[in-house]
Amino acid sequence: MNATGQSRVANKNWSAAVRRVLVFSMLLVVGVLMLIPFLFMISISFDMDARLSVPFPPHLIPVHFGWDSYRIAIQGIDMFRLYGNTIMVSAGVIAASIVSSLMAGYALSKIKLKGGRIILLLALATMMIPPESTIIPVFLLFKQLGLLNSYWAFYLQALSFPFGAFLMKQYIDGLPGELRESALIDGAGEFRVLLRIYLPLCAGMIATITVLQFLANWNNFLWPLILLTDPLKYTIQIGIANFNVASGNGDSMALPSVNMAATVMSLGPVLIVYLFFQRYIVESIANTGIKG
Amino acid sequence: MNVRKKMVSLLVVLLLLVMTACGSKNSETQPSASSSPDNGAKATESASPPEASKPALKGTLNVAVTMYNAESGVNAATGQNVLGYDEMVKPFLAQHPDLKVNFIQVPNKDSNTNNAKWQTLLLSNQVDIIQGVTMYYFYEQGLLEDLTPYFERDDYKKHFVDSIFSTPSERFLSPQWSEDAKTIYAAPASLATLSVAYDKQIFEDFGVEPLSQNPTMEEIMEKAEKLTGKNPKTGKQTYGLFFDPRKHSHTLLYYFGKGISLGEIDVNDPSKLTYNTPEVRQGIEGMIKAAAYAPPGFEIGQGNENWGTENNTVAIQMVVFPVDMLKPIQNGLQDRFMLTHGVLNKDGHGMFVAGNTYVMAKASENKEAAWELIKYMSGGEGQKFLYDNYGELPSWKDQNWVDESKDPYSPAFMAAAALSKNAFFPGFTFETFRPWMAGVVTNAVNGKTPDLDKDLAEMQKKAEQWVKEQEKK
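None of the values given here were measured: they were computed from a predicted structure. (Residues numbered from 1 in each chain as written. Chains lettered and ligands numbered in written order. Predicted model: local features only at pLDDT ≥ 70, side-chain atom pairs only at ≥ 80, totals over all residues. Heavy atoms only, no water.)

Digging into the overall build of chain A
In terms of regular secondary structure, chain A is built from 13 helices and two strands. For 292 residues, the compact-globule estimate of 2.2 N^0.38 gives 19 Å, and the C-alpha radius of gyration of chain A, at 25 Å, exceeds that figure by more than 25%. Once the C-alpha set of chain A is aligned to its principal axes, its extents read approximately 80 × 70 × 30 Å. The proportion of buried residues among the 292 residues of chain A is 43%. Put simply, 71% of the contacts in chain A that link residues at least 6 apart link residues at least 24 apart. Of the charged side chains in chain A, 19 are positive and 13 negative, and the gap between their average positions amounts to 11 Å. (Helix = DSSP H or I, 4+ residues; strand = E, 2+ residues; numbered from the N terminus. Rg over C-alpha atoms; globule rule 2.2 N^0.38 Å. Buried < 20%, exposed > 50% of the residue type's maximum accessible area, 1.4 Å probe, protein only. Contact = heavy atoms within 4.5 Å. Lys, Arg positive; Asp, Glu negative; His and termini not counted. Charge placed at Lys NZ, Arg CZ, Asp CG, Glu CD.)

A few points about helix 5 (residues 131–144) of chain A
Residue and element names in this part refer to chain A. Helix length check: helix 5, at 14 residues, gives a terminal C-alpha distance of 20 Å against a target of 20 Å (1.5 Å per residue), a fit within 8%. Turning to helix 5, its buried residues number three or more, namely I135, V138, F139, L140, F142 and K143. Downstream of helix 5 by one or two residues, G146 has phi in the positive range, about 75°. (Expected span 1.5 Å × (residues − 1).)

Section: the pairing of strand 10 (residues 195–199) of chain B
All names here are of chain B. In terms of burial, strand 10 is largely enclosed, as five of its five residues are buried. Here strand 10 shows a buried face lined by S195, A197 and D199 and a second buried face lined by V196 and Y198. Here strand 10 pairs with strand 13 (residues 314–320) via three bridges, running antiparallel. Counted as the bridge partner of Y198 is I316 from strand 13. (Pairing = 2+ DSSP bridges.)

Some words on unusual backbone geometry
All names here are of chain B. Cis rather than trans, the peptide bond between T167 and P168 has omega equal to 0°. For P168, the position within the fold is in the loop between helix 6 (148–153) and strand 6 (173–174). Between S174 and the following residue, P175, the backbone shows a cis peptide bond with an omega angle of 0°. Its location among the elements puts P175 in the loop between strand 6 and strand 7 (183–184). Within the chain, N125 stands out as a residue other than glycine whose phi angle is a positive 55°. Along the chain, the position of N125 falls in the loop between helix 4 (111–123) and strand 5 (129–132). Its identity as a non-glycine residue notwithstanding, K258 has a phi of 50°, on the positive side. Structurally, the position occupied by K258 is in the loop between helix 9 (245–256) and helix 10 (278–290). According to the relative accessible area criterion, K258 is partly exposed, its value standing at 34%.

Focus on the environment of F385 of chain B
Residues and elements named next belong to chain B. Among the structural elements, F385 can be located in helix 13 (residues 380–390). Exposure remark for F385: the relative accessible area of 12% places this residue in the buried category. Sequence separation of F385 and K117 is 268 residues, and the distance between their C-alpha atoms is 25 Å. Residues within four places of F385 in sequence aside, it is in contact with L83, G84, E87, M88 and Y390.

Things to note about the packing of helix 9 of chain B against helix 10 of chain B
All names here are of chain B. Interhelical geometry of helix 9 versus helix 10 gives an angle of 110° and a closest axis separation of 8 Å. Compared by their axis directions, helix 9 and helix 10 come out roughly perpendicular. Where helix 9 abuts helix 10, its residues S249, L252, L253 and F256 lie against V280, Q282, G283, I284, G286, M287 and A290. Among the residues forming the contact of helix 9 with helix 10, the class breakdown is seven nonpolar, four polar and no charged. (Axes fitted to C-alpha atoms, helices over the stretch in contact; angles between N-to-C directions. Parallel < 35°, antiparallel > 145°, perpendicular 65-115°, else oblique. Nonpolar A, V, L, I, M, F, W, Y, C, P; charged D, E, K, R; others polar.)

Details of the environment of N331 of chain B
Residues and elements named next belong to chain B. With respect to the helices, strands and loops of the structure, N331 is situated in the loop between helix 11 (326–330) and strand 14 (337–339). Look at N331 and you get partly exposed, because its relative accessible area is 40%. Sequence separation between N331 and E310 is 21 residues; the distance between their C-alpha atoms is 8.3 Å. Residues within four places of N331 in sequence aside, it is in contact with G308 and T309.

A short note on the packing of helix 9 of chain B against helix 15 (residues 427–445) of chain B
The angle between the axes and the distance between the axes are what describe a pair of packed helices. Residue and element names in this part refer to chain B. Direction vectors running N to C along helix 9 and helix 15 enclose 95°, while the axes themselves pass 8 Å from each other. In terms of orientation, helix 9 lies roughly perpendicular with respect to helix 15. From helix 9, P245, R246, K247, S249, H250 and L253 reach across to helix 15, where they touch T429, F430, F433, R434, M437, A438 and V441. Split into classes, the residues belonging to the contact of helix 9 with helix 15 amount to seven nonpolar, three polar and three charged.

Quick look at the structure:
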């Protein structure tokens, strides 16, 4: 290689290196910015001065370090029962969502129903209605069905998951239709085709729906609050909300350290689920071509 | 075959729709919007007062508790174990062995969440008694029992401090905010009021006389000016006063005007609700002037984080509730942080006296038992229990349990409450006017001079529009 060529290669290597440094620097800055709230959350949970208000000026390392907030959080609400309740609700909701999304997505993608596109659009259109505006009518519906204070209200509601149906349809669109055709020729029914052929291929999207529904349910506060009256059935977010005190004029005031301690503890299962399923989420997004 | 499958599917869908739409006949429990002829449901079905004789109480009562622990556990604010309502009612239940009480804990997250939960509890007939805060909205819907016959029968009102049932009332009497309100729909669980507090240490450092027992705004502004600057002893920048315009601007309006009169709500003459007045203007101008003595960021509630600690740099807190004085007690600084008896209006009254409430569901099937339980919880035993476990001030007249040695601020708060009479602030104030005032103060702090003539005229139009909208509700 002559001198000009070598110089060109060296320039190319140099600009690639600069680009890499810039990209990494940006990612580092954004990563740190995203981590700071979590670090503060953990710091406040251990800060004995943050019982009634966050200390000022804010500091990342607590001046008076202590575990008392965790003690209060565990004693004040039965954390482990709340975990169990929330997992029970989430598991049922995830199962119902997956079943309905899979069936709806398969039908809309492969069976080519007349009017299927319109059905999907109408179902997606319901996502534009704010959930807060339907809480009372839905509550009254479940009251008439005798399902108040029961987890079945969560499970039945989860059967209607238009976004999941949409995601699953998009995913199954990318799977070959010939698999279905040859199975039908061999005498398999639609359910057998779905369960034996397409279900294993949809593992990635099932993992995505699992994570989405788990996060939504784990953080869900208003609907469990409205539906449940038995404290033994309360979910984790209702428990955390108990750590407020009256401010005197009818409002309430969150207690920072105890709230943060309870929130840190509530994050554990979420992190575990996300870390476990993140590989599938990345794969499924890459396969469907859905970005962002 | 394909057509048959489609027809069957369509029939199933239609059948489900019809079943859901028809449902059961229990929907009569839904109240109609027009069930409040006088801005509050009259006691119609229970018009005749309950019987004077007291049969043994039996059955089951469901009680929703919001501001306190339903069951014994840990008080998150103090970290101490506290007893819950399950313990409070034990002596009562010992006298009524055939009566059972179930408690429902309502998390006290914010007023919107509370309202949603209370609404669903009442609509679904799942509760007999609610321990709440402002419940007027539910009384207006016809979901709550009129307690007036019960109060009259048992001559119960006289046991509470007089000021708590003074008109206008927001939390206990109907019609809300009416000077002529006579219907009692809630019983007091506690006592709430507000006052002005100050840091005695900062006053001493600057050589300024402490605030008087009932300071005027002239006194406060004069001293706040002197107390803003570098502390001669510590060298720290100190601020004369603090208030949060987003929450307290209506209170400062009252302070600066020595009371405030916003007129009345008259759907036939909306102009009777008056926001464009010299009083209001004076109050806003006063707040803009007071902003000069407040810490940076006060307009969004910042600058006050060290109140109650040794590092405090704010001399005067313009609006404090009992919970705001917990920090000085927890830090052992009760000799440094002092409480006045509040700013009074021209007639010698403070602006706010209220309390948490007990209400009875209209659909309760055990009203007599519910009333007896409300009497117990709102009475001496119940209020002493709330004081011992939650530090709540009592609205019970014959109380002898407030311990000044452990609770140095209670006497001042109770004195402030005794002098208070609720100032009339219609819903428009909190929905629209107060956020607007907060915006005016913020803009003024940032150098934008407000055109109060134009803005107040605009607010007046909006207020009148709001009054007209009340008629449609």
